[in-house]
Every structure is written in structure tokens, then in C-alpha cells.
Amino acid sequence: VLKSEDSRVLAGLNITTDALISTMAFANKQYTDADTDGIPEYVRDSWAVGRSEDLDNDGNKDKEAYLVHWTEMTNADDDGNPEWNQTFNMVGWKVDLNDDGVFDTEKGLMTNTTSYDNNTNGHVELKETGIVGFEKSDDDYDGVLDVERYAGLWEKVTDVNDDGTEINKQSGTWFHEA
């Protein structure tokens, strides 16, 4: 039975034709099962992928995209019901519209969910979720952002009696522009 793992993988690929296209990927896993009973007390998985394109091969990236994932959980009492579990995801892309080496537009989306089961009975007492979308742009191509927009959604779910019978939900939205 596996007691612990801390592994990492990094991979990359460049393709050059009339353009330079680069792709990078990273993955990491940490796993701890101190008593080797097959129920881990700690797990973290993360990975990321990025891609850039220099379409005219002039050394300036014309496009860039990224995807990131991370999840982590703790199960300190080793009963198979994690006391804490968090998952984060992010995806985004950037574009250099005038090929001056400065990205003029960036758009993306982030999500985060965290769950708590403090007494580890298998019923989550609290689950919080957040989602944020964003857009940044340099409309006049001077290297300074002209607009930053963020829109978000949040939700908080509470199991009042800690038995799955009475659920209290709160949620909302927000918007910010600079």
C-alpha cells in the first residue's frame, strides 16, 4: 500500500513552421497515507497547460491560452470523509492584436469550491462556491490597460442540522469595472 507520493511532471513542445507554437504542461500530485490503510489523510492534485502562438514568427506572441486546475483535501481522522476539500479552476486567453509584443486583450474565468465536514459524518456542513469572469483590454494599444471588468457569482450552502434535511442557501452576484 502506498504511504506517500510527491511526483511532478513537466512537458513541453515547440513546433516551428511559418509560425512558432509552444505548448507547456505541468502536473503534480502529493499523497499521504501515513498508516497505509488505503484511506489518505492528505491529497493534492494540480496541473496546468499553457499554449502560445507566434503566428508570424517575429518573436512576439500573438496569442496565449492557459488552463489551471488544483484540488486538495484533508482527512485527518482517516475515516474516508474529508474535513476539508477545495477545488480551483482557471481558464484564460490573451491576444496581441497589433503584434507589438504587448497583449491587448485578456479574458478568463475562475471557479473555486470549498467544502467543510468538520465532524466528518459525511454530511457537508458548509459549501462555498465562487465564480469570477474577467476581461482586460488596452483599446488604444499604448501598453496601458483601458478597461478591466470583473463579474462574479457566489453561493454559500449550509446544512443547518448537519444531517442533510435542512439546507440554507445564500447567493449573490457582483460586478466591478475600472
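Residues numbered from 1 in each chain as written. Predicted model: local features only at pLDDT ≥ 70, side-chain atom pairs only at ≥ 80, totals over all residues. Heavy atoms only, no water.

S.K.: Is there a simple way to explain the sheet that holds strand β5 (residues 84-95) in this structure?
M.R.: In any sheet, the strands associate via hydrogen bonds between backbone groups, in a parallel or an antiparallel arrangement. The strand order across the open sheet built from nine strands is β1-β2-β3-β4-β5-β6-β7-β8-β9, with neighbouring strands paired in antiparallel fashion. Strand pairing shows two members of the sheet lacking a second neighbour, β1 (4-16) and β9 (167-177), which therefore form its edges. Across the sheet, the mean angle separating the axes of adjacent strands is 5° when strand polarity is ignored. Taken together, the twelve bridges between strand β7 (residues 126-137) and strand β8 (residues 147-159) define a ladder with antiparallel strand orientation. Across the sheet, the residue bridging to I131 is L153, located in β8. (Pairing = 2+ DSSP bridges. Helix = DSSP H or I, 4+ residues; strand = E, 2+ residues; numbered from the N terminus. Axes fitted to C-alpha atoms, helices over the stretch in contact; angles between N-to-C directions.)

S.K.: Sorry, what's going on with the pairing of strand β4 (residues 63-74) here?
M.R.: Taken residue by residue, a regular strand's side chains alternate between the two faces of the sheet. The pairing of strand β3 (residues 42-54) with β4 spans twelve bridges and is antiparallel. Paired with Y42 across the bridge in β4 is T74. As judged from the twelve bridges shared by β4 and β5, these two strands associate in the antiparallel manner. Bridging across to β5, E64 finds its partner in K94.

S.K.: Is there a simple way to think about the environment of N75 in this case?
M.R.: Residue placement: N75 occurs in the loop between β4 and β5. Placed 32 residues apart in sequence, N75 and V43 show a C-alpha to C-alpha distance of 8.8 Å. Discounting residues that sit within four places of it in the chain, N75 has contacts with I39, P40, E41, G80, N81, P82 and E83. (Contact = heavy atoms within 4.5 Å.)

S.K.: Mind showing me how you'd approach the pattern of salt bridges here?
M.R.: For the structure on display, the rule yields seven salt bridges. E53 is the salt-bridge partner of R51, the closest N and O atoms lying 3.2 Å from each other. The class for R51 is partly exposed, based on a relative accessible area of 36%. Residue E53 is classed as buried on the basis of its relative accessible area, which comes to 17%. Here E177 and R149 are joined by a salt bridge, their closest N and O atoms 3.7 Å apart. Here the residue E177 occupies a position in strand β9, and R149 occupies one in strand β8, the gap between them amounting to 28 residues. By relative accessible area, which is 45% here, E177 ends up partly exposed. Here R149 falls in the partly exposed class, since its relative accessible area comes to 30%. (Salt bridge = Lys/Arg side-chain N within 4 Å of Asp/Glu carboxyl O. Buried < 20%, exposed > 50% of the residue type's maximum accessible area, 1.4 Å probe, protein only.)

S.K.: How do you make sense of unusual backbone geometry when you look at a structure like this?
M.R.: With the exception of glycine, the majority of residues adopt a negative phi angle, and the majority of peptide bonds are in the trans configuration. Positive phi, close to 50°, is recorded for T36, a residue that is not glycine. Position of T36 among the secondary structure elements: in the loop between β2 (20-32) and β3. Of note, D78 is a non-glycine position whose phi angle comes to about 65°, a positive value. In this structure, D78 sits in the loop between β4 and β5. We classify D78 as buried; its relative accessible area is 13%.

S.K.: I tried to follow the side chain of D162 on my own but got confused; where do I start?
M.R.: Along the chain, D162 falls in the loop between β8 and β9. In terms of polar contacts, D162 uses its side chain to reach the side chain of N119, at 2.3 Å. Beyond its immediate chain neighbours, meaning those up to four positions away, D162 contacts N119, N121, H123 and E125. (Polar contact = N/O pair within 3.5 Å; in protein donor to acceptor, adjacent residues only side chain to side chain.)

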